[in-house]
Amino acid sequence: MKHIRNFCIIAHIDHGKSTLADRLLDSTNSVTAREKQEQLLDNMDLERERGITIKSHAIQMVYTYEGQEYVLNLIDTPGHVDFSYEVSRSIAACEGALLVVDAAQSIQAQTISNLYLALENDLEIIPVLNKIDLPSANPEEVTDDIVDLIGCDRDEIIPASAKNGIGIEDILKAIITRVPAPKGDENAPLRALVFDSVYNPFRGVETYFRVFDGSIKKNQQIKFVATNKAYSADEIGTLKLVQFPKQEIKAGDVGYLITGIKDAREVKVGDTITDAENPTQKAVSGFEDVKPMVFAGIYPVDTEDYEELRACMEKLQLNDASLIFTPESSAALGFGFRCGFLGMLHLEIIQERLEREFDMTVITTVPNVSYHAYSTKEPDEPIIVSNPSDLPDPSTIDHVEEPYIKASIITKADFVGPVMSLCIEKRGEITNQTYLTTERVELTFDMPLAEIVFDFYDRLKTVSKGYASFDYSPIGLRTSKLVKVDVLLNGNTVDALSALIHFDNAYDIGKRMCIKLKELIPRQQFDIPIQAAIGSKIIARETVKALRKDVTAKCYGGDISRKRKLLEKQKKGKKRMRAVGNVEIPQEAFMAVLKLN
Ligand code: GTP
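Residues numbered from 1 in each chain as written. Predicted model: local features only at pLDDT ≥ 70, side-chain atom pairs only at ≥ 80, totals over all residues. Heavy atoms only, no water.

The name recorded for the protein chain in an unreviewed UniProt entry is Elongation factor 4, from Mesohalobacter halotolerans. According to the UniProt record, the Catalytic activity (unreviewed entry) comment for the protein chain reads "GTP + H2O = GDP + phosphate + H(+)". (UniProt positions renumbered as here; feature names shortened; annotations may be inferred.)

Visitor: Give a detailed account of the overall build of the protein chain, specifying residues and quantitative values.
Guide: Within the protein chain, the secondary structure is distributed over 14 helices and 33 strands. Within the span of the protein chain, comprising 597 residues, buried residues form 54% of the whole. For the protein chain, restricting intrachain contacts to residue pairs at least 6 apart in sequence, the fraction spanning at least 24 positions comes to 69%. Surface summary for the protein chain: the accessible area is close to 26,800 Å², and the carbon and sulfur share equals 49%. (Helix = DSSP H or I, 4+ residues; strand = E, 2+ residues; numbered from the N terminus. Buried < 20%, exposed > 50% of the residue type's maximum accessible area, 1.4 Å probe, protein only. Contact = heavy atoms within 4.5 Å. Areas by Shrake-Rupley, 256 points an atom, 1.4 Å probe, with all protein chains shown as cover.)

Visitor: If you had to explain the domain arrangement of the protein chain to someone new, which residues and values would you point to?
Guide: Each assigned domain of the protein chain is listed here: domain 1 (4-178), domain 2 (191-275), domain 3 (294-365), domain 4 (371-480) and domain 5 (484-595). The interface of domain 1 with domain 2 comprises 23 residues on the first partner and 18 residues on the second. It is Ala-58, Gln-60 and Arg-89 that lose the most area in domain 1 upon contact with domain 2, and together they represent 28% of the buried surface on that side. Taken together, the links from domain 1 to domain 2 amount to one salt bridge. In this structure, Arg-210 and Glu-95 form a salt bridge, with 2.9 Å as the shortest nitrogen-oxygen distance. Summed over the shared surface of domain 1 and domain 2, the result is seven residue pairs in polar contact (both at pLDDT 80 or more). (Domains from an automatic or database assignment. Buried area = accessible area lost by both parts, 1.4 Å probe. Salt bridge = Lys/Arg side-chain N within 4 Å of Asp/Glu carboxyl O. Polar contact = N/O pair within 3.5 Å; in protein donor to acceptor, adjacent residues only side chain to side chain.)

Visitor: Would you mind going over the pattern of salt bridges in detail, with residue names and values included?
Guide: Under the counting rule described, the total for this entry stands at 25 salt bridges. The salt bridge involving Arg-191 is made with Asp-213; its shortest N-O contact spans 3.2 Å. Of the two residues, Arg-191 is situated in strand β7 (residues 191-200) and Asp-213 in strand β8 (residues 204-213); the sequence distance between them amounts to 22 residues. With a relative accessible area of 15%, Arg-191 lands in the buried category. You can call Asp-213 buried: its relative accessible area is 8%. Between Arg-512 and Asp-508 there is a salt bridge, with the nearest N and O atoms lying 3.3 Å from each other. Linking Arg-512 with Asp-508, this pair stays in helix α12 (residues 503-520), spanning four residues, or about one helical turn. When its relative accessible area of 41% is taken as the criterion, Asp-508 is described as partly exposed. Each of Glu-140, Asp-144 and Arg-154 takes part in a single network of salt bridges with overlapping partners.

Visitor: If you had to explain the sheet that holds strand β5 (residues 124-130) to someone new, which residues and values would you point to?
Guide: As summarised here, the arrangement of the six strands in space is β2-β3-β1-β4-β5-β6, forming an open sheet in which the pairing is mixed. Two strands lie at the open edges of the sheet, namely β2 (58-65) and β6 (158-159), each paired on one side alone. As paired elements, β5 and β6 share two bridges and run parallel to each other. Bridge pairing links Leu-129 to Pro-159 in β6. In the packing of helix α1 (residues 17-27) onto the sheet, the strands contacted are β1 (4-11), β2, β3 (68-75) and β4 (96-102), and the crossing angle to β1 comes to about 155°. Relative to the sheet, helix α5 (residues 139-150) contacts β4 and β5, its axis offset from that of β5 by approximately 165°. (Pairing = 2+ DSSP bridges. Axes fitted to C-alpha atoms, helices over the stretch in contact; angles between N-to-C directions.)

Visitor: I'd like to hear about the environment of Thr-64, residue by residue, with values.
Guide: Its place among the elements puts Thr-64 in strand β2. For Thr-64, a relative accessible area of 46% translates into the label partly exposed. Taking the C-alpha atoms as reference, Thr-64 lies 9.7 Å from Leu-172; in sequence the two are 108 residues apart.

Visitor: Mind laying out the environment of Glu-266, listing which residues take part and the relevant values?
Guide: Here Glu-266 shows up in the loop between β15 (254-258) and β16 (272-275). In this structure Glu-266 comes out as partly exposed when scored by relative accessible area, which is 24%. Counting along the chain gives 221 residues from Glu-266 to Val-487, while the straight-line C-alpha distance between them is 41 Å. Beyond its immediate chain neighbours, meaning those up to four positions away, Glu-266 contacts Thr-227, Lys-229, Tyr-231 and Ile-261. A distance of 2.5 Å separates the side chain of Glu-266 from the side chain of Tyr-231, its partner in a polar contact.

Visitor: How would you explain the confidence of the model for the protein chain if you had to name every residue and give the values?
Guide: Per-residue pLDDT for the protein chain has a mean of 86; in total, 89% of the residues score no lower than 70. Across residues 50-56, confidence stays below pLDDT 50; counting only partners more than four residues off in sequence or on other chains, it has 34 contacts. Model confidence for the complex: the whole-complex pTM is 0.77, and ipTM, which rates the interface, is 0.97. (pLDDT = per-residue confidence, 0-100.)

Visitor: I'd like a description of the packing of aromatic side chains, backed by residues and values.
Guide: Enumeration according to the criterion identifies nine aromatic pairs in this entry. Consider the rings of Phe-470 and Tyr-472, whose centres lie 5.8 Å apart with planes at 40°: the pair is tilted. Of the two residues, Phe-470 and Tyr-472, both sit in the buried class. Cation over ring: Lys-240 sits above Phe-244, and NZ or CZ is 5.4 Å from the ring centre. (Phe/Tyr/Trp six-rings, centres within 6.5 Å; stacked < 30°, edge-to-face > 60°. Lys NZ or Arg CZ within 6 Å of the ring centre and 35° of its normal.)

Visitor: Break down the sheet that holds strand β10 (residues 221-224) for me, with residues and values.
Guide: Taken together, eight strands build an open sheet; the order of strands is β11-β10-β16-β7-β8-β15-β12-β13 and the sheet is antiparallel. A single partner strand is all that each edge strand has here, and the edge strands are β11 (229-232) and β13 (243-246). Each strand of the sheet is rotated relative to its neighbour by a mean of 40°, with strand direction disregarded. Direction of pairing for β7 relative to β16: antiparallel, over a ladder of three bridges. Bridged to Arg-191 within β16 is Thr-274.

Visitor: Summarise the packing of helix α7 (residues 306-319) against helix α8 (residues 344-358); cite the residues concerned and give the values.
Guide: A packed helix pair is summarised by two numbers, namely the angle formed by the two axes and the spacing between the axes. Running from amino to carboxyl end, α7 crosses α8 at an angle of 115°, the nearest separation of the two axes being 11 Å. Viewed along their axes, α7 and α8 adopt a mutual orientation that is roughly perpendicular. As for how α7 packs across α8, the hand of that crossing is right-handed. Between α7 and α8, the residues in contact are Leu-309, Cys-312, Met-313, Lys-315, Leu-316 and Asn-319 and Ile-350, Arg-353, Leu-354 and Phe-358, respectively. (Parallel < 35°, antiparallel > 145°, perpendicular 65-115°, else oblique. Left-handed = near helix turned anticlockwise from the far one by under 90°.)

Visitor: Pulling in residues and values, what's your account of the nonpolar core?
Guide: Ranked by size, the top nonpolar core spans 50 residues in total, and within it Leu-354 and Phe-456 carry the most contacts. Of the domains in this structure, domain 3 (294-365) and domain 4 (371-480) are the two that each give at least three residues to this core. Those residues in contact with Leu-354 that sit more than four places away from it in its chain are Ile-298, Leu-309, Cys-312, Met-313, Leu-316, Asp-359, Met-360 and Val-362. (Core = buried A, V, L, I, M, F, W, Y, C linked by side-chain atoms within 4.5 Å.)

Visitor: Describe the side chain of Asp-495, naming the residues involved and giving the relevant values.
Guide: Among the secondary structure elements, Asp-495 is positioned in the loop between β28 (492-493) and β29 (499-502). Nearest to the buried, unbridged Asp-495 among oppositely charged side chains is Arg-338, at 8.6 Å. Residue contacts for Asp-495: discarding those within four places in its chain leaves Ser-330, Ala-331, Ala-332 and Ser-389. (Lys, Arg positive; Asp, Glu negative; His and termini not counted.)

This is the structure in structure tokens:
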């Protein structure tokens with residue numbers, strides 16, 4: 001155990017985490033040329049395209065320092081707020097963290113929130129000032145910022161360029177000399193933390209774990225504490241770029257486990273692995289069953305594809321335990337599923353995977369959060385509403401609660417005004433304003449989560465000209481004056497367009513939704529009235545005017561192939577449309593409320 005070091009890298013997106021990981025592997029000769037990919041730790045295609053580490057993994061390196069071989073386990077952490085629980089579990093598996101800060105961009109919101117997680121877990125922090133090669137780097141100022149933030153000495157900060165290989169040896173040495181060796185009792189019953197799991201279609205679920213006490217042996221009967229299910233450890237091993245099967249993994253070390261589990265939901269991140277016969281008395285603390293935060297309906301474009309969509313969702317769930325879905329039906333869209341996601345990015349990933357991996361074209365409805373409604377009859381039992389159209393008749397409701405978050409935004413002093421106005425417009429209440437330096441300010445707000453779902457990121461980027469970083473964490477439910485705004489097309493309520501909106505904004509949003517829908521709904525042979533309503537009260541109205549001309553009229557007498565092409569084009573345009581009553585609605589319309597500005 002003395003010669004093991006477990007560490008992670010915490011950094012804001014794009015500050016160079018993957019590049020640095022790559023360099024560390026290079027310097028410890030952990031990579032052969034054949035295995036080398038551009039960025040080693042980001043495996044999924046989607047991940048690479050988005051430049052975001054979606055799922056954390058781990059990798060083992062061997063480094064010799066003063067004649068002694070050390071095993072270094074690098075545990076990767078996902079870089080997006082949607083996956084912050086996974087970040088917290090990866091951090092819990094380590095004794096140290098490299099805090100990577102971009103020398104041109106300095107400290108950003110995510111750097112801070114992940115740093116706090118690391119400090120809560122008593123990790124040794126090694127600050128790394130990355131990208132010192134950049135002409136725009138500000139090493140002096142950023143060093144000051146880091147000193148202010150963590151209260152370290154200037155000479156504890158390692159200047160580096162992951163890109164040019166500067167500072168890498170210093171970082172490796174610091175990991176050995178500054179990160180404590182793991183502690184644990186090798187003779188106690190097995191106690192290991194699950195910090196990640198990955199689904200492999202051929203081998204089933206691969207569980208990544210860190211052993212705190214005891215050891216795990218091949219073919220041992222093991223048990224997961226939270227799910228209380230037992231399995232045989234068919235294969236265990238260490239993770240290099242490929243897996244290295246082993247007979248035993250002891251306290252302090254990190255490894256993978258294969259048990260033949262076929263469903264990702266049976267392995268929960270944060271769970272404890274122990275011996276089935278001789279279980280540990282103290283499970284690793286901090287386990288949480290992650291709950292979805294954002295909900296949306298997913299419907300097949302073609303109603304006939306419902307069963308196929310179900311099969312695809314089931315397959316996705318096999319390898320993504322945080323996705324949940326239940327069948328629902330909508331008068332407007334027919335049969336589909338109400339799905340729960342960790343956040344907006346997770347939703348986008350699922351939507352993209354459905355299209356890419358399964359070739360399914362789907363209609364996604366406006367995302368919403370989950371509300372608690374209290375009826376006047378049973379004031380103690382909340383009715384959980386994860387689809388706005390399920391909100392019971394307002395006259396039977398005493399009050400509605402919605403989830404709130406603590407939002408942290410770091411921006412330049414110049415943009416404090418516009419950022420504040422945006423947050424206040426989004427029903428935020430400022431709770432703190434701290435000048436990190438004369439130039440950089442951290443603002444914290446209590447805000448309804450629902451407002452983040454509605455085009456917050458894009459607007460924040462616009463009002464701050466890109467100079468704002470954002471992070472959040474849930475802080476529970478609060479009572480809000482919410483009303484259900486319905487949309488009627490040609491007199492019919494389109495349930496998939498209903499939204500719960502704060503009373504003060506309902507008229508304005510209703511009006512803007514009608515205007516947006518008017519832009520998005522194609523003209524047809526008749527006038528289409530678009531109305532927004534609260535209960536039976538109409539609050540806004542627009543009209544899509546009837547088409548005058550037949551689209552093919554201009555080809556009349558012309559070349560028949562041109563005419564066919566035009567009809568063909570029309571057909572294609574229909575792909576993502578749904579007919580509600582006699583009105584054709586394009587996919588964009590279902591998301592209209594997200595893009596009102
Ligand atoms: P996410 O995976 O999105 O969280 O980003 P990351 O933190 O892993 O950053 P990544 O390693 O992908 O680097 C982001 C960009 O910065 C890439 O274009 C890198 O080439 C570049 N980069 C990383 N380190 C350095 C450095 O030391 N100097 C310079 N000039 N560029 C760097």
